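A look at the structure
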Amino acid sequence: MSDLVREAAISRVNELVDLINAHRRAYYEGNTVLVSDAEYDGLMLELEKLEADNPDLITGDSPTQTVGGAASSTFAPVTHLERMMSLDNVFSREEFLSWAEKVDGQPLLCELKIDGLAINLRYEKGVLVSAATRGDGAVGEDVTANALTIESIPRRLLGEGHPDVVEVRGEVFFPIEEFTKLNESLVADGKAPFANPRNSASGSLRQKDAAVTASRPLRMLVHGVGAWQQAPVRNQSELYDLLKSWGLPTSNRYRVVGTPQEAVAYIDEYQANRHSIEHEIDGVVIKVDSRAAQVELGATSRAPRWAIAYKYPPEQVNTRLLDIRVGIGRTGRATPYAVLEPIKVAGSVVEFATLHNQDVVKAKGVKIGDIVVLRKAGDVIPEILGPVVEKRTGAERDFVMPTNCPECGSPLVSASEGDVDLRCLNARECKAQIRERVAYLGSRSALDIEALGYVAAVALTQPLEPKVAPLQTEADLFSLTLEDLLPIRSLVLDADTGLPKLDAESEPKVVDFFRKKDGTPAEVALKLLRNLDEVKTRPLWRILVSLSIRHVGPVASRALATHFGSLARIFEANEEQLSSVDGVGQTLALSIMEWWSIDWHREIVEKWQAAGVQTEIPGHSGPGESGELASGSFAGMSIVVTGTLKTFTREAAEEAIIQRGGKAASSVSKNTAFVVAGESAGSKLAKAEALGVEVIDEETFIARLS
């Protein structure tokens with residue numbers, strides 16, 4: 001591979017990781033969508049191919065290594081006993097038949113893919129003890145109080161002989177008819193309607209006040225189980241029958257078929273009748289029915305090999321492309337987006353759609369003023385397919401990518417040779433980048449500061465008054481005082497576009513954000529100061545991810561924080577030491593070192609420390625075999641998991657170890673506390689026995705977790 005091709009591959013992998021993780025955060029944590037389902041899947045497929053060709057470019061925060069989004073600290077965290085995985089997708093009959101060949105003629109169970117919110121119910125001896133969202137697959141949000149208000153979720157299972165512990169997985173959704181009624185009532189009350197049933201289900205289940213959830217007619221359907229030792233069923237269909245006998249809500253629309261062709265017939269049947277179903281669907285899920293075959297087929301790091309989602313093509317409409325503007329993200333990336341004549345498609349009104357970069361605009365062949373074909377892939381996300389050329393009048397004009405940042409005027413340049421995306425490199429002074437970094441810092445992926453939403457980030461970084469913003473960078477965030485906040489008057493900007501929102505008279509909306517009309521502090525000001533004080537002791541990985549170091553997402557931050565124990569040791573480490581951490585490769589290591597080499601970046605850390613932000617794990621003794629967390633039942637222990645476990649995936653077992661203060665090591669040494677050995681344990685088991693390291697089975701491991 002030539003140096004030029006290699007450089008282009010590195011650049012594209014970096015961009016794809018940034019893009020996909022941003023889209024995930026918007027969807028899973030913000031109940032919003034930024035790109036089409038089809039485009040998201042295309043980005044994932046491109047990233048998977050590049051990583052397969054260049055495995056050394058795989059980083060800890062790559063979406064191919066992780067699931068979903070981070071759990072919010074608004075709700076208590078819940079660690080799933082078995083990881084909640086995602087599904088791989090296919091989009092054509094040919095792709096599905098290719099997948100079916102790999103499962104070797106097994107009977108298949110077909111069911112509808114509900115467009116809702118994934119939930120995990122944990123029952124102990126038949127009694128519901130917790131309900132949690134998927135979160136990042138390992139840790140979700142505790143929504144038990146809200147879930148108990150959903151009529152279809154039983155508090156106690158029917159019948160007898162229930163397992164000691166079982167996790168039941170399903171989808172919470174909003175019936176379409178009830179969704180329409182809710183939106184009508186919201187509009188009648190002068191409130192903004194929900195964009196779609198999926199957003200309404202997510203927003204309703206994640207209410208702080210369970211009474212609000214109780215007022216919403218949410219429902220749930222079960223589609224599987226997580227942790228369950230020795231489940232007494234041979235097939236997925238038998239499992240559904242058993243769950244139904246316990247009083248759990250199962251669908252009556254699933255079908256077991258003997259051939260892939262029969263599965264295709266099921267797919268076609270429901271595609272033709274998708275709008276006659278009481279809930280939204282965006283496709284069909286096909287699973288191997290045999291539970292034994294499921295175990296044998298196994299899973300990748302993020303999805304089972306024994307199941308696939310067949311995604312239906314999206315609905316399409318025509319609308320006018322009014323303008324193409326450019327937004328600047330927190331890493332300086334310049335992204336063109338379409339301003340559309342508002343139009344309703346797939347149940348919601350669409351006004352904006354991303355166009356990614358100037359090459360995409362050119363490839364789609366769209367001009368400003370065109371009538372364009374708009375679709376909502378997966379019935380959720382808007383995407384422009386192209387122009388209706390026959391309707392052109394000659395008044396349309398080409399889009400010209402600006403040469404300078406629309407916010408700060410700095411030149412827009414390619415970050416590296418072969419990089420089609422343009423960036424503003426003025427990270428220190430570009431108001432757009434500062435605004436986006438501060439907003440990200442307050443998000444659920446980072447410090448999860450409730451009072452620091454997008455509007456507050458705008459007020460702090462781009463106020464109309466005073467003339468000098470309280471935050472020139474994020475460095476002074478933890479030094480804010482009430483005196484800094486009270487004078488602020490600010491435009492209200494849209495979080496998706498960065499454009500000013502308009503008031504009833506179509507004028508830019510201006511607010512006294514942090515004070516009341518009588519000049520006294522508004523609750524949001526007091527709350528922000530309280531929040532900032534509270535988050536100073538957030539876990540070290542959250543502090544690290546909040547620095548907006550490129551490629552350093554939540555997964556990589558956890559690994560780095562656990563290994564080094566402090567920001568000082570992370571930034572003192574060289575490339576080899578950083579790269580040696582599980583899940584941290586060369587690309588990420590170099591990114592950390594480059595970030596720390598900039599003086600105003602170091603000033604951020606210094607000022608945070610001076611303001612009392614905790615930048616180390618108390619009691620952590622540093623990197624190496626002894627450098628583990630100092631609290632938890634596995635504190636100071638290096639533990640290795642090998643072989644196939646029945647109750648846990650490998651990732652879920654390692655997450656459980658880390659959550660209890662231990663190190664999930666990848667190799668056995670004389671310093672290993674013990675080895676958890678499942679079926680087909682190989683060389684690691686042999687080495688443990690040779691070194692005299694304790695070896696325990698899965699049952700003993702579960703007992704120690706308790």
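Read on for an overview of the structure. Quantities reported herein were computed from a predicted structural model and do not represent experimental measurements. Throughout, residues of each chain are indexed from 1 in the direction in which the sequence is written. Restriction of local features to residues with pLDDT of at least 70 applies here, the model being predicted, together with a cutoff of 80 or more for giving and counting side-chain atom pairs; totals for whole chains, interfaces and linings are based on all residues. By convention in this description, side-chain values take in all heavy atoms of the structure and omit both hydrogens and water.

Let us look at the sheet that holds strand β5 (residues 127-133). Here a strand pair is declared whenever DSSP counts at least two bridges between the two strands. For helices the rule is a DSSP run of H or I covering at least 4 residues; for strands it is a run of E covering at least 2, with both sets numbered from the N terminus onward. On the basis of which strands lie adjacent, the open sheet formed by four strands has the order β5-β4-β7-β8 and antiparallel pairing. Both edges of this open sheet fall to β5 and β8 (219-225), since each of them pairs with a single strand only. The average undirected angle you get between the axes of adjacent strands in this sheet is 30°. As defined by bridge partners, strand β4 (residues 117-124) adjoins β5 across six bridges and the pair is classed as antiparallel. Looking at β5, one finds that I119 is bridged to T133. Residues are treated as being in contact if the distance between any of their heavy atoms lies within 4.5 Å. Only C-alpha atoms enter the line fits that serve as axes; for helices the fit covers just the stretch in contact. Angles between N-to-C directions range over 0 to 180 degrees. Against the sheet, helix α6 (residues 197-205) contacts β4 and β7 (165-173), and its axis sits at roughly 40° relative to β4. The sheet contacts of helix α8 (residues 236-245) involve β7 and β8, and relative to β8 the element is tilted by about 135°.

On to the pairing of β4. With seven of eight residues buried, β4 is to be regarded as a mostly interior element. Where β4 meets β7, eight bridges bridge the pair, whose relative direction is antiparallel. Among the inter-strand pairings, L121 is bridged to a residue of β7, identified as V168. Where β4 folds back onto β5 in an antiparallel hairpin, the turn is made up of two residues, including K125, whose phi is positive at roughly 55°. For the exposure calls, accessible area comes from a 1.4 Å probe over protein chains only, and a residue counts as buried if that area is under 20% of its type's maximum, exposed if over 50%, partly exposed in between.

Our next topic: the sheet that holds strand β2 (residues 89-90). Pairing is mixed in the open sheet, where five strands are placed in the order β2-β11-β10-β3-β9. Strands at the two margins of the open sheet, each flanked by one partner only, are β2 and β9 (255-257). Packing of helix α3 (residues 93-102) onto the sheet brings it into contact with β2, β3 (108-114), β10 (281-288) and β11 (307-311), and relative to β11 it is tilted by some 175°. Along the sheet, α8 makes contact with β3, β9 and β10, crossing β3 at roughly 55°.

By salt bridge we mean one thing: a side-chain nitrogen of Lys or Arg within 4 Å of a carboxyl oxygen of Asp or Glu. One pass over the full model with this rule turns up 31 salt bridges. Of the charged contacts in the structure, one is a salt bridge between R253 and E278, with a shortest N-O distance of 3.1 Å. Placement of R253 in the loop between α8 and β9 and of E278 in the loop between α9 (260-272) and β10 is noted, with a sequence separation of 25 residues between them. According to the relative accessible area criterion, E278 is partly exposed, its value standing at 33%.

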